[in-house]
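# Fold and contact review
Each chain is listed here by its residues.
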Amino acid sequence: MQIKHLLNVCFFAVFLFLMEPAMAQNKVITGKVTDKKDGSPLIGVSVVTAVGASGGAITTADGSYRISVPANAASLTFTYVGYSNLTVPINGKTQIDVSMESASKALNEVVVVGYGTQRVKDATGSVASLSTKDFNKGQIATPDQLLQGRIAGVIVTPGSGEPGSGASINIRGAASIRAGNDPLYVIDGVPVSNDSYAASNAASPIGMSSARNPLSFLNPADIENISVLKDASASAIYGSRGANGVVLITTRKGRKGQGIQFSENTSYSTAASRYKLLDASQFLKAVAATGADADAINKGANTDWQDQILRKVFSQNFNLGFGGATGGFVYRVSGSYDDQNGIIKKSGLKRGTVRINATQSLYKDVVKLDLNLLGSNVKNVYAPITNNAGFQGSLIGATIGLNPTYPVKKPDGTYYYDGSSLNPVDMLNNTWDRDNVNRILANLGLSVKITRNLTYRGTYGNDYSLAKRYTFYDPRIQGYTSSGNIRSKTTPAISGTGMGAVQTVKLGNEITEQTLTYDKKWTDNSSLTILGGYSYQVFNNKNFNDIRFKTSQANVLVKNINDFQNPFPIFGDTTRSKLQSYYARVNYSYKDKYLLTATVRTDGSSKFGKNNKYATFPALAIKWKVMNESFAPKGIFDDLSLRLNYGKTGNQEFPPYQSLSLYQSDLNGGTTQLYAPNPDLKWETTTNYGAGIDFAIFNNRVTGTVDYFHKSTKDLLFLNYKAQPSASTAQWINLPGDVLNKGWEFGVNIAAVQGSKFTWDINYNMTLLKNKVKGFENKVVQTGAISGQGLSGAFSQVIQDNYPLFTFKVTQYAGLDKDGFGIYPNGIDVQTLQGSALPKFTASLTNNFTYGNWNLSVFLNAVTGFYIYDNTANAYFYRGSLLTGHNVSTDVAFTNENPLNSGQVSTRWLEKGDFVRLSNVTLGYTFQLKNGKFIKSLRAALTGQNLAIITGYKGLDPEINVNKDINSVPSRGIDYTAYPKARTYTFGLTAGF
């Protein structure tokens, strides 16, 4: 009923828009306010006229404003804290664009917060914001790549180097064991689901593929601002969705005179690093050195199998936008096309998007109707790479372990196959695996200014996606001789029969929100803002699978599911959950000295047991602007503020129906109880408190922040597996104990040189983090599955009391004895606790230079204090592999290791992951166009990404996180035959018309 009611109101507003009469009592002036130094938009600038303008106007996220002024108004005055006031004569103009000169930077920026905007100077909580000038540049597939390494306390770890791959994003540490650690994403006011839209290829004979990035449908070039709400006082307005922080994404809006914008980027990518494997000659010598018969496995070729699957590729990206404003109508329409080719053959991502952002103001801005609409189509092309392949390996595993003397093909033209080792070229060319994802994200909003101080806003948001993944295996593919099992039914082997699969995923997310906002300002610089709201959200998830075997065409890679003769029963699941919320927030500022923010939100979720469906999450924050006191040390500080905050947030990111008795039908006609009911299942709750300092010194040339934070997560949601036999295999429970995250964040901006022609700005941030599990009693949870021959059931990580999450627990290794066998001081079967996969320190340094029309940006980031388990080396790179005719890396081939030494899971494969990376370098030139009638602006830039890395890690890249969960408990910091990362160079042109 809420959605239906809101739609009726919105359609009525559309009718008013179409019937709006022409009103000429006042004159409307529009324009944009930018920073004089770099042309970036200024958000929150106050625009007034001396004779009154009904309260004036405030610039929006792109710096634009619209103000209605009396016909006799002579001038406009622009004011913004930290910038020089500016008065501009009107002189009959209806568009006035201005540039303001800034004396201070970071503390005067405006950030987007929940249900509004706020200056950093006025923020009581910990909020960070990035605009387009701060984003990472170059080939960007997903929005998380824009902010990777840029914000203190935010760690982005990509799952692999595959285009569109998922990433782990932690804000101030990982807090949950099972309910998810990713933040909530809010795009133009719509909270979107973190569920992966793409099927994970359950039909694959070599294991499950990693999840895709849930934000890959969004064109990064459409994004104008990303704000991160880090503590509870900032994120509590989102209550149950804000336990892991909130990422607010604001897309570009239109303005008067915006015109046409076009950009094109061409990228060249190559593998940043490769495995150092033996060539044919080295391989035969190494095999002979083990005592094996090298002649028996020598097939005469010298094949570099990495060359067979890797490639150097070009990718392109095109963006076209058009915006403007006429009367009370402001709009922007944009379209984009990305064709990003992966460095592994037959992999990549193609994306097309169309976006419409529009706002219509009616009746002297009393009524506003806005629309944000995105249509997106993403096509992923997959190489046969998985995260849990068996001993034969998926594509990467087969490549690095294969005998280099094997030819790619036999003399008869068929692919060479030795009866056990998969041929990676065969895998690539006889597999066809891709998906097609259509997604629509829409947000319709209506604002009504009921009185001068009271505003109503209603919104309706809809996020819908339909994904189909098509996977086909040629019957001629070799090595897939094992049968499988899906829901208790045996599947036939693929080799000799072929297979086709169509997997469909439908995701739906509808939300309606209604808010009332009261704003009041007094002449003594005091102000009060009260927000009250109601939210209702429904999530739908449907998936079904059509798998068939035995094609009628034995010598063709068939790509039509209907051609396969033996269908498997169609199976799938449907889930539905609901979230209802009531929330309120009060912002009070007394004489711009003492600021208070109080928030409370009550959430009800259908996921929880009947006894605990609702929970309340409060938060409180205060700020003292010391420099506004008469006794402030003005000779030392230009700005000084102190902050304190406390709050609670919740987590309900786990599957629906888990508090009930859940049954599943198998494909043989039987029924299995999956989960036992738990009516007392309740919210996982995170309690935050912290303190912060904001400062500016040296005439605002140096600005910075220091924050301390402490997070404690209780009532941990966990899927507890029961000892068998039992009526059900598992039950969702709330575990005792806390997951603690505490640490410090530091950020500083330095205007090192501010000359008329040359400038140099420095930005540095760092985070110190400690993570520990407390009160976990005697519970030990295993995760971090290790793959490889003879390693079935092996694990590498535990969650245990008094240790950080994702602590490695493996056998201690102390080198080789005189006979070449491993030395295990505590015993080969005794596992000991080691370091954690969670970093203790992160930092980034950005240097921005300008010289005339040239600009140069150099970005480095560092991560230390964490460990990586190299499962790739554990599975493939030990000398015993040579005995079975498999290749190894050059560093183990000629050691004194006994070929009979086992590949025990141990500290032999556990390494420190510390690194410093030259992540991004951009050199740009802005052309000075005199009297440009057609081209108004033109800029060219060259960007290099992942240019160099300093690390002691022996694998391809220490910034890796392949999902190796056990019983759905996520792992962290495990490297297993992952898609390698690319080094990319991008040349881009941006033009305005």
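Residues numbered from 1 in each chain as written. Predicted model: local features only at pLDDT ≥ 70, side-chain atom pairs only at ≥ 80, totals over all residues. Heavy atoms only, no water.

Moving on, we come to the overall build of the chain. Counting its regular elements, the chain contains nine helices and 52 strands. Relative to its length of 993 residues, the chain is compact, with a C-alpha radius of gyration of 30 Å against a globular reference of 30 Å. Overall size of the chain, expressed as C-alpha extent along the three principal axes, is 100 × 65 × 60 Å. Counting every position in the chain, which comprises 993 residues, the buried fraction comes to 55%. Long-range contacts, defined here as pairs at least 24 residues apart, represent 70% of the contacts in the chain between residues at least 6 apart. As displayed, the chain offers around 39,800 Å² of accessible surface, 56% of which is attributable to carbon and sulfur atoms. If you average the places of the 97 positive and of the 70 negative side-chain charges in the chain, the two averages end up 5 Å apart. (Helix = DSSP H or I, 4+ residues; strand = E, 2+ residues; numbered from the N terminus. Rg over C-alpha atoms; globule rule 2.2 N^0.38 Å. Buried < 20%, exposed > 50% of the residue type's maximum accessible area, 1.4 Å probe, protein only. Contact = heavy atoms within 4.5 Å. Areas by Shrake-Rupley, 256 points an atom, 1.4 Å probe, with all protein chains shown as cover. Lys, Arg positive; Asp, Glu negative; His and termini not counted. Charge placed at Lys NZ, Arg CZ, Asp CG, Glu CD.)

Right, let's get into the sheet that holds strand E44 (residues 831-836). Spatially, the four strands line up as an open sheet ordered E41-E42-E43-E44, and their pairing is antiparallel. Edge strands, defined here as strands with exactly one partner in the open sheet, are strand E41 (780-785) and E44. Ignoring strand direction, the axes of neighbouring strands in this sheet form an average angle of 40°. Relative to strand E42 (residues 795-800), E41 is paired through five bridges, and the arrangement is antiparallel. Across the sheet, residue Val780 finds its bridge partner in E42, namely Gln800. (Pairing = 2+ DSSP bridges. Axes fitted to C-alpha atoms, helices over the stretch in contact; angles between N-to-C directions.)

Turning to the environment of Asp222, a few remarks are in order. When you line up the elements, Asp222 lands in the loop between strand E14 (190-192) and strand E15 (223-229). Sequence-wise, Asp222 and Ala232 are 10 residues apart; in three dimensions their C-alpha atoms are separated by 28 Å. When neighbours within four sequence positions are excluded, Asp222 is seen to be in contact with Thr251, Arg252, Arg332, Ser334, Thr353 and Arg355. Side-chain polar atoms of Asp222 contact the side chain of Ser334, separated by 3.0 Å. (Polar contact = N/O pair within 3.5 Å; in protein donor to acceptor, adjacent residues only side chain to side chain.)

Mapped onto the elements of the fold, Leu42 is located in the loop between strand E1 (26-35) and strand E2 (46-48). Overall, Leu42 belongs to the buried group, its relative accessible area being 6%. Remark: the alpha-carbon pair of Leu42 and Asn896, spanning 854 residues in sequence, is separated by 65 Å.

As a further point, take the pattern of salt bridges. Using the criterion set out here, one finds 30 salt bridges in the structure. Between Arg274 and Asp304 there is a salt bridge, with its nearest N and O atoms 3.3 Å apart. Placement of the pair is Arg274 in the loop between strand E17 (259-271) and helix H4 (280-289) and Asp304 in the loop between H4 and helix H5 (305-309), with a sequence separation of 30 residues. Classification of Arg274 by relative accessible area gives partly exposed; the value is 34%. The exposure class assigned to Asp304 is partly exposed, which follows from its relative accessible area of 34%. Several salt bridges share partner residues, and in doing so they unite Asp188, Asp222, Lys253, Arg332 and Arg355 into one network. (Salt bridge = Lys/Arg side-chain N within 4 Å of Asp/Glu carboxyl O.)

On to the pairing of strand E22 (residues 431-449). Across a regular strand the side chains alternate sides, sitting on one face of the sheet and then on the other. The sheet contact formed by strand E21 (residues 367-381) and E22 spans 13 bridges and is antiparallel. When the sheet's bridge partners are listed, Val381 is paired in E22 with Arg434. Pairing of E22 with strand E23 (residues 454-473), which is carried by 19 bridges, proceeds in the antiparallel orientation. For Asp435, the partnering residue across the bridge sits in E23 and is Arg469.

Structurally, the position occupied by Gly508 is in strand E26 (residues 499-521). Using a relative accessible area of 18% as the deciding quantity, one classes Gly508 as buried. Residues Gly508 and Tyr80, 428 residues apart in the sequence, show an inter-C-alpha distance of 42 Å. Setting aside anything within four residues of it in sequence, one finds Gly508 in contact with Asp463, Tyr464, Val538, Phe539 and Asn540.

Along the chain, the position of Glu264 falls in strand E17. Here the side chain of Glu264 touches Thr266 through a polar contact of 2.6 Å, side chain to side chain.

Let us look at a positive patch on the surface. Side chains of Lys742, Lys770, Lys772, Lys774 and Lys840 sit close together on the surface and give a patch of like positive charge. Here the positive patch gets three residues from one element, more than from any other, and that element is strand E40 (residues 758-774). Secondary-structure assignment places Lys840 in the loop between E44 and strand E45 (841-851). By relative accessible area, Lys840 is classed as exposed at 55%. (Patch = residues over 30% accessible without salt bridge, like charges linked within 9 Å, V, L, I, M, F, W, Y side chains within 5 Å.)

Moving on to the sheet that holds strand E5 (residues 75-79). Taken together, the four strands give an open sheet; going across it, the order is E3-E2-E5-E6, and neighbouring strands pair in antiparallel fashion. Each end of this open sheet is capped by a strand with a single partner; those strands are strand E3 (57-58) and strand E6 (86-89). Where E5 meets E6, four bridges bridge the pair, whose relative direction is antiparallel. Looking at E6, one finds that Phe78 is bridged to Leu86.

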